[in-house]
Amino acid sequence: QADYDRRRLKTQQSRTAKISLDVRVCYYEPLPSREQEHHQFRKLNYFKYQAKNLIEILDSKSKPETFAKIDYWLNEAVKVRNQLSLANARLAFSMVRGMSFRESSLREIFLSDLQMDVLRAIDYFDYNLGNKFSTYCTWVMRRNFNRHLEEHNNFTTRHLTGMGDELYELPQREESRLVAHEN
């Protein structure tokens, strides 16, 4: 734990001075080693398991202490999940940083989609296979990023704005060139 805290402090100090404010939060948590990831996933699974066992024994006569215990275990699971997502959020930023967007809002949309992919990847990751979570998470984000990009391109080609009826007056060849230019 002491080694992890030292690495965390060193990462914070060295990297946050060089980057913008909106990205700094990603570098507060260092990328954990494989063993640290496995430990965190074991903790996450244990907390979920404890909450699930308590939920299964709930009935109409359950005491408030039982609900408090369920709440405790679920809050602990959320803490571990947030720590894992924060440590791997820089993967999403690095993927979005490589793309050029005409609108900053589009960049934020893709970034939020990728961060949701990180959270979904935490739910589906199986540490027993021996893979590192950041590798699995990068694979999931690349796959889903391409899907999000394709959906956005399909949406923009169907819903061009500011063109009016002039788009429909263009010959088919001109229209296909215009759509290709938009991509």
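A. Seen up close, the overall build of the protein chain. Helix and strand counts for the protein chain come out as eight helices and zero strands. If you list the helices and strands of the protein chain from N to C, you get α-α-α-α-α-α-α-α. Within the span of the protein chain, comprising 183 residues, buried residues form 31% of the whole. Excluding contacts between residues fewer than 6 apart, the proportion of contacts in the protein chain whose partners are at least 24 apart in sequence is 62%. Here the protein chain displays about 12500 Å² of accessible surface, and carbon together with sulfur accounts for 52% of that area.

B. Structural detail: the packing of aromatic side chains. Across all of its chains, the model carries nine aromatic pairs by this definition. These aromatic residues form a ring-pair network of at least three members: Phe41, Phe125, Phe133, Tyr136 and Trp139.

C. Broad picture of helix H4 (residues 64-97). Across its 34 residues, H4 extends 48 Å between first and last C-alpha, which sits within 8% of the 50 Å expected from 1.5 Å per residue. At Ala87, H4 shows its largest kink, close to 35 degrees.

D. Representation of helix H3 (residues 34-56) within the structure. Here H3 contains 23 residues, and its C-alpha end-to-end distance of 33 Å stays within 8% of the 33 Å for a straight helix at 1.5 Å per residue. Among the residues making up H3, those that are buried are Glu37, His38, Gln40, Phe41, Leu44, Phe47, Gln50, Ala51 and Leu54.

E. Examining the nonpolar core more closely. Formed by 29 residues in total, the largest nonpolar core has its most connected members in Phe41, Leu44, Leu114, Ile122, Phe133, Cys137 and Met141. At the level of secondary structure, the elements contributing two or more residues to this core comprise H3, H4, helix H5 (104-124) and helix H6 (133-158). Broken down by element, the residue count for this core peaks at ten residues, all from H4. Beyond its immediate stretch of four places on either side in the chain, Phe133 contacts Glu37, Phe41, Asn88, Val118, Ala121, Ile122 and Phe125.

F. Structural detail: the packing of H3 against H4. Put simply, H3 and H4 touch, their axes get as near as 9 Å, and they point 155 degrees apart. Taken as axis vectors, H3 and H4 run roughly antiparallel relative to one another. The way H3 lies across H4 gives a crossing that is left-handed. Along its contact with H3, which presents Gln40, Phe41, Lys43, Leu44, Tyr46, Phe47, Lys48, Gln50, Ala51, Leu54 and Ile55, the element H4 presents Thr66, Lys69, Ile70, Trp73, Leu74, Glu76, Ala77, Val80, Arg81, Gln83 and Leu84.

G. Summary view of the side chain of Thr138. Mapped onto the fold, Thr138 is located in helix H6. Residue Thr138 is classed as buried on the basis of its relative accessible area, which comes to 19%.

H. Examining the pattern of salt bridges more closely. Following the criterion strictly, the structure yields five salt bridges and no others. For Arg81, the salt bridge identified is with Asp123, shortest N-O distance 3.2 Å. Of this pair, Arg81 sits in helix H4 while Asp123 is found in helix H5, placing the two residues 42 residues apart along the sequence. According to the relative accessible area criterion, Asp123 is partly exposed, its value standing at 38%. Across the pair Arg120 and Asp117 runs a salt bridge whose closest N-O atoms are separated by 2.7 Å. Of this pair, Arg120 and Asp117 both sit in helix H5, three residues apart, roughly one helical turn.

About the criteria used
- Residues numbered from 1 in each chain as written.
- Predicted model: local features only at pLDDT ≥ 70, side-chain atom pairs only at ≥ 80, totals over all residues.
- Heavy atoms only, no water.
- Helix = DSSP H or I, 4+ residues; strand = E, 2+ residues; numbered from the N terminus.
- Buried < 20%, exposed > 50% of the residue type's maximum accessible area, 1.4 Å probe, protein only.
- Contact = heavy atoms within 4.5 Å.
- Areas by Shrake-Rupley, 256 points an atom, 1.4 Å probe, with all protein chains shown as cover.
- Phe/Tyr/Trp six-rings, centres within 6.5 Å; stacked < 30°, edge-to-face > 60°.
- Expected span 1.5 Å × (residues − 1).
- Bend = angle between axes of the 7 residues up to and from the residue.
- Core = buried A, V, L, I, M, F, W, Y, C linked by side-chain atoms within 4.5 Å.
- Axes fitted to C-alpha atoms, helices over the stretch in contact; angles between N-to-C directions.
- Parallel < 35°, antiparallel > 145°, perpendicular 65-115°, else oblique.
- Left-handed = near helix turned anticlockwise from the far one by under 90°.
- Salt bridge = Lys/Arg side-chain N within 4 Å of Asp/Glu carboxyl O.

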